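One-letter residues, chain by chain:
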Amino acid sequence: MTIRVNWDTPARTAIRWDYEPGWTWTEHRRAAELTNEMIAAAEHIVDCVHHIQGTALPRDSFVLTEWRRTVEDAPPNTGLIMVVEEDAIFLDQMARLVNHMRQKTWGPRILLADTLAEARDTLARARLVVG
């Protein structure tokens, strides 16, 4: 599998997806199912970090459709979803669209970061605010 799913923090408050070149939307859906199982087993909010730097989006489907499915299927204790990719103008627009749709129904919010360190810092600050 070219998307590895692991806990990103010892306290199991964040799950990190590490994408490798050549990943597919089928693998993305499998990773989402595994992530949903991990989150559902937790008794607290769990954030997700999608570390996609250095890879390309598959051309066999639309990112908007896949991200929307990921958000709609997420357990209720899913926190923020961070997407790590430098200069992600296209992904930023897709995140804005998904977040706009999310306002009408339940679902986690998608944010972008340039680096893994920035994503972790954003999540840490968000947890300070939320508690």
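The structure this text deals with has already been given above.
Residues numbered from 1 in each chain as written. Predicted model: local features only at pLDDT ≥ 70, side-chain atom pairs only at ≥ 80, totals over all residues. Heavy atoms only, no water.

## A word on the overall build of the protein
Then step 1. Looking only at helices and strands, the protein has 4 helices and 5 strands in total.
Then step 2. Starting at the N terminus and walking to the C terminus, you meet the elements of the protein as β-β-α-β-α-β-α-β-α.
Then step 3. Restricting the contact set of the protein to residue pairs at least 6 apart, pairs at least 24 apart contribute 74%.
Then step 4. With an accessible surface of roughly 7,400 Å², the protein has 54% of that area assigned to carbon and sulfur atoms. (Helix = DSSP H or I, 4+ residues; strand = E, 2+ residues; numbered from the N terminus. Contact = heavy atoms within 4.5 Å. Areas by Shrake-Rupley, 256 points an atom, 1.4 Å probe, with all protein chains shown as cover.)

## Here's the deal with the pattern of salt bridges
Then step 1. Going through the model one piece at a time under the given rule, you end up with 6 salt bridges.
Then step 2. Between arginine 4 and aspartate 18 there is a salt bridge whose closest N-O contact spans 3.8 Å. Here the residue arginine 4 occupies a position in strand β1 (residues 3–7), and aspartate 18 occupies one in strand β2 (residues 14–19), the gap between them amounting to 14 residues.
Then step 3. Note on aspartate 18: relative accessible area 9%, which makes it buried.
Then step 4. Note that arginine 4 and glutamate 20 form a salt bridge whose closest N and O atoms lie 2.3 Å from each other. With arginine 4 in strand β1 and glutamate 20 in the loop between β2 and α1 (25–41), this residue pair connects regions lying 16 residues apart in the sequence. (Salt bridge = Lys/Arg side-chain N within 4 Å of Asp/Glu carboxyl O. Buried < 20%, exposed > 50% of the residue type's maximum accessible area, 1.4 Å probe, protein only.)

## A few points about helix α2 (residues 63–73)
Then step 1. Buried within α2 we find Val63, Glu66, Trp67, Thr70 and Val71. Each buried residue of α2 sits inside an arc of 135° when the element is viewed along its axis, so together they form one side. (Arc of directions from axis to C-beta.)

## Considering the packing of aromatic side chains
Then step 1. Using the criterion set out here, one finds 3 aromatic pairs in the structure.
Then step 2. With 4.8 Å between their ring centres and 70° between their planes, tyrosine 19 and tryptophan 23 make a pair best called edge-to-face.
Then step 3. Note on tryptophan 23 and tryptophan 25: the rings are 4.9 Å apart at their centroids and 85° apart in plane angle, and the pair reads as edge-to-face. Residue tryptophan 23 shares its accessibility class with tryptophan 25, and that shared class is buried.
Then step 4. Ring-pair connections join several aromatic residues into one group, and the members of that group are Trp17, Tyr19, Trp23 and Trp25. (Phe/Tyr/Trp six-rings, centres within 6.5 Å; stacked < 30°, edge-to-face > 60°.)

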